[in-house]
Every structure is written in structure tokens, then in C-alpha cells.
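A closer look at the structure
One-letter residues, chain by chain:
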Amino acid sequence: SQLHWNSGSGHWSRIWLRMRPGTWLVWAVNLYGEDRHTETAKGGDDSILDEIILGTWDRSFTNMGKRILKNFTDSTRNLQGHPLDRLLVRMNHENNQSNYYRIYESTRVKYKNAMERAILKIRDGLGTNWAKVKFMHAPSHGPYIGTYESWCPSNIDVLCVSVHPGKQVTNGTEASQY
């Protein structure tokens, strides 16, 4: 969505403009596009991560922070008055499985460094409101590519793990063994 939350920009805006006051917004966002995919099985590479680390994308991430702030502080874009501290940015969710922004054991440290910089720059764009927006890292239960600490950005606020057990898991005991 890139936070184009005006009244004429699709289903997201229509939902956003009508959500009840006090609603928490968990925004699943991919911080690089499908055209720069990292899934090596489909011909991708990790050059986007190098570019983020080197600062090539700093302006884009800073502008993203500014757009977030504007969409919360501009009353014509935030008709319900949603507070900025109700936004959780769930970035690159489940990126250790099969998504186009997939991370591998060999790229996990580079990913961590790139996302730490992206978060820092988005927060720069938020200005003095930087602490209100929370960033969430949401890997999937597997495959294992290293300890969470080895590839989870150190400047996130929330770590959650997506678990999608198969149909064979039908009760609490089976779930605890998954």
C-alpha cells in the first residue's frame, strides 16, 4: 500500500477510514519489492540487502516514516483519529519460508543489518514520534536458519512466530509437540 491512505486508493483506504476509534492496526509490510526478490530458487539475489545497508534506500525509508506520520496526523486521512501508538509494523513476515523476500542461513546477518537500518530510517521520518510506532519481526516456525537473535533486527519492539501446523495437529498435546 505504501501508505497511500486517501479516500480514493482502494480497499485498504476504505477499511482504514471506517475502522472504529481505538482499533489496533497490524500492518504486514514488505520492505522491498517483488522486483528485487531474494528467493534464489527463482533467480533472485540479496543485492537489495547490500543496497539498504549502504544507505541507497535511506531516503525511501525516511519518506515512509513521514508518510506514516502524515496519515495519522492529517485529520482528512485519519477520520477516526487513530493514535499513532496503535500501529504495529509487521515487516517481511514469515520470511524464512517461501516468500519472494525469503532469507536464508547464508543471508540472515545481512538481512538483520539491512532491516536495522530500514527501521532506523523509518523512525527518522517519524521524527519525535518515533517511539510510538512499534516494529514486529514475524518469522515462521520453520525452516530453521539460525537462532532468532542471529537474524532478528535488534531494534524491533515485538517478536512473534507464525505457526501453521498441518491438519494432523488436532489438540493441545499435538500442538505442543509440533
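What you see is a predicted model, and the numbers here were worked out from it, not measured in a lab. (Residues numbered from 1 in each chain as written. Predicted model: local features only at pLDDT ≥ 70, side-chain atom pairs only at ≥ 80, totals over all residues. Heavy atoms only, no water.)

**Section: the overall build of the protein chain**
- Tallying secondary structure elements over the protein chain gives six helices and four strands in all.
- Helices and strands appear in the protein chain in the N-to-C order α-β-α-α-β-α-β-α-β-α.
- With 178 residues in all, the protein chain has 42% of them scored as buried.
- Across the protein chain, the fraction of contacts at a sequence separation of at least 24, relative to all contacts at a separation of at least 6, is 67%.
- Within the structure as shown, the protein chain displays about 9,600 Å² of accessible surface, and the carbon and sulfur contribution to it stands at 52%. (Helix = DSSP H or I, 4+ residues; strand = E, 2+ residues; numbered from the N terminus. Buried < 20%, exposed > 50% of the residue type's maximum accessible area, 1.4 Å probe, protein only. Contact = heavy atoms within 4.5 Å. Areas by Shrake-Rupley, 256 points an atom, 1.4 Å probe, with all protein chains shown as cover.)

**A short note on the sheet that holds strand β2 (residues 87-91)**
- Read from one edge of the open sheet, four strands run β1-β2-β3-β4, paired in parallel fashion. Two strands lie at the open edges of the sheet, namely β1 (25-29) and β4 (158-159), each paired on one side alone.
- Against the sheet, helix α3 (residues 58-73) makes contact with β1 and β2, and its axis sits at roughly 150 degrees relative to β1, the strand it touches most.
- Against the sheet, helix α4 (residues 108-126) touches β2 and β3 (134-137), its axis set at about 165 degrees to β3. (Pairing = 2+ DSSP bridges. Axes fitted to C-alpha atoms, helices over the stretch in contact; angles between N-to-C directions.)

**What about the pattern of salt bridges?**
- As enumerated under the stated definition, the model contains seven salt bridges in all.
- Note that R117 and D58 form a salt bridge whose closest N and O atoms lie 2.6 Å from each other. Separated by 59 residues along the polypeptide, R117 in helix α4 and D58 in helix α3 bring together distant segments of the chain.
- With a relative accessible area of 28%, R117 lands in the partly exposed category. (Salt bridge = Lys/Arg side-chain N within 4 Å of Asp/Glu carboxyl O.)

**Description of the pairing of β1**
- The alternating pattern of β1 places L25, W27 and V29 on a buried face and V26 and A28 on a face that is not buried.
- Sheet topology note: the β1/β2 ladder contains five bridges and is parallel. When the bridges of β2 are listed, L25 appears paired with L87.

**Observations concerning the packing of helix α2 (residues 47-54) against α4**
- At a minimum axis separation of 8 Å, α2 and α4 run at an interaxial angle of 45 degrees. Judged by the angle between their axes, α2 and α4 are oblique. With respect to the hand of their crossing, α2 and α4 are arranged in left-handed fashion. Judged by residue contacts, L49, D50, I52 and I53 of α2 engage K110, Y111, N113, A114, M115, R117 and A118 from α4.
- Here the contact of α2 with α4 is composed, by residue class, of seven nonpolar, one polar and three charged. (Parallel < 35°, antiparallel > 145°, perpendicular 65-115°, else oblique. Left-handed = near helix turned anticlockwise from the far one by under 90°. Nonpolar A, V, L, I, M, F, W, Y, C, P; charged D, E, K, R; others polar.)

**A closer look at the pairing of β2**
- Burial within β2 is extensive, with five of its five residues counted as buried.
- Burial along β2 is two-sided: L87, V89 and M91 facing one way and L88 and R90 facing the other are all buried.
- In the sheet, β2 pairs with β3 via four bridges, with the strands oriented parallel. By the bridge assignment for β3, V89 is matched with F135.
- In this view, the connection linking β2 to its parallel neighbour β3 by way of α4 has right-handed handedness. (Right-handed = clockwise from strand over helix to strand, strands pointing away.)

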